[in-house]
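# Secondary and tertiary structure notes
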Amino acid sequence: MLLANRGMLPHYPIPEGDQKISPRKKGVKQGALLFLLGVLLVPILAVFANYAPGRLGNVFEFFTILSALLCFTGGPLRMLFAAIFEEGAPTRQFLMPPSYAPPAIPPPPAARVSALPPASVNPASQWRPRPQTAEILQPSSVTDHTTRLLDKSDSDTD
């Protein structure tokens, strides 16, 4: 976002007046409310159906089943319909703030001709050549020494 706008943060103006809820958001809210209504309504009707005497219990059972079907399937279907088919909120227009121009850098003074540092006080010819370490005797490995010790102990036991 910053690179696309040359380092400036976007400025979204707040529209004055009515802030209407989009039909999509309203539909999703309705579906969620219908689903949550089912969470409350179905257990209450089930308790009434359990304790109601005779034919009244059957009526409560019918309304329990009906409210479960309507709320638990209708709520998510309403949310799905709103999310897919209804119109969303209008996109906000991005206002480009006045661009910032950094102050101009004055040209460097003409007296500075060379960018390299002055010559070294200690020339490189005073360095010694690197020693030849290939002629130094390499230490024997630990396994060779251990093998010799084991061979010696085998000959002692014979």
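Structure report, in brief. (Residues numbered from 1 in each chain as written. Predicted model: local features only at pLDDT ≥ 70, side-chain atom pairs only at ≥ 80, totals over all residues. Heavy atoms only, no water.)

## Observations concerning helix α2 (residues 55-85)
Let me state the cut-off plainly: Each helix corresponds to a stretch of at least 4 residues labelled H or I by DSSP, and each strand to a stretch of at least 2 residues labelled E; elements are numbered beginning at the N terminus. Here the expected length of a helix is defined as 1.5 Å per residue gap, with one fewer gap than residues. Bend is the name given here to the angle between axes fitted to two runs of seven residues, the run ending at a residue and the run starting at it. The contact criterion used throughout is that any non-hydrogen atoms of two residues lie within 4.5 Å.
Over its 31 residues, α2 extends 43 Å from the first C-alpha to the last, a length consistent with the 45 Å expected when each residue adds 1.5 Å. Of all the bends in α2, the greatest reaches close to 30° and is centred on Gly74; the proline Pro76 follows between one and four positions later. Turning to α2, the residues buried within the fold contact α1 (23-51).

## Re the packing of α1 against α2
For the record, the criterion: For every element, the axis is a line fit to its C-alpha atoms; helices are fit only across the contacting stretch, and the angle between N-to-C directions ranges from 0 to 180 degrees. The labels follow the angle: roughly parallel below 35 degrees, roughly antiparallel above 145, roughly perpendicular from 65 to 115, and oblique for the rest. Here is the rule for handedness: rotate from the far helix to the near one, and if that takes an anticlockwise turn smaller than a right angle the crossing is left-handed, while a clockwise turn gives right-handed. Residue type decides the class: Asp, Glu, Lys and Arg count as charged, Ala, Val, Leu, Ile, Met, Phe, Trp, Tyr, Cys and Pro as nonpolar, and the leftover types, Gly among them, as polar.
One way to put it is that α1 packs onto α2 with a least axis distance of 8 Å and a crossing angle of 165°. With respect to their mutual orientation, α1 and α2 come out roughly antiparallel. At the point where α1 passes α2, the crossing takes the left-handed sense. Partitioned by chemical class, the residues of the contact of α1 with α2 number 22 nonpolar, 9 polar and 3 charged.

## Here's the deal with the side chain of Glu86
Where we set the bar: Exposure is judged per residue with a 1.4 Å probe applied to protein chains only, and the accessible area is read against the type maximum: over 50% gives exposed, under 20% gives buried, and values in between give partly exposed. Polar contacts, as counted here, are pairs of nitrogen or oxygen atoms within 3.5 Å of one another; within protein the pair requires one atom able to donate a hydrogen and one able to accept it, and residues that are adjacent in sequence qualify only if both atoms are side-chain atoms.
On the secondary structure map, Glu86 appears in the loop between α2 and α3 (142-157). By relative accessible area, which is 17% here, Glu86 ends up buried. At a separation of 2.9 Å, a polar atom in the side chain of Glu86 contacts the side chain of Arg78. Every residue in contact with Glu86, bar those within four places of it in the chain, is listed here: Pro23, Arg24, Gly27, Arg78 and Phe81.

Any functional reading would require information that these geometric values do not contain.
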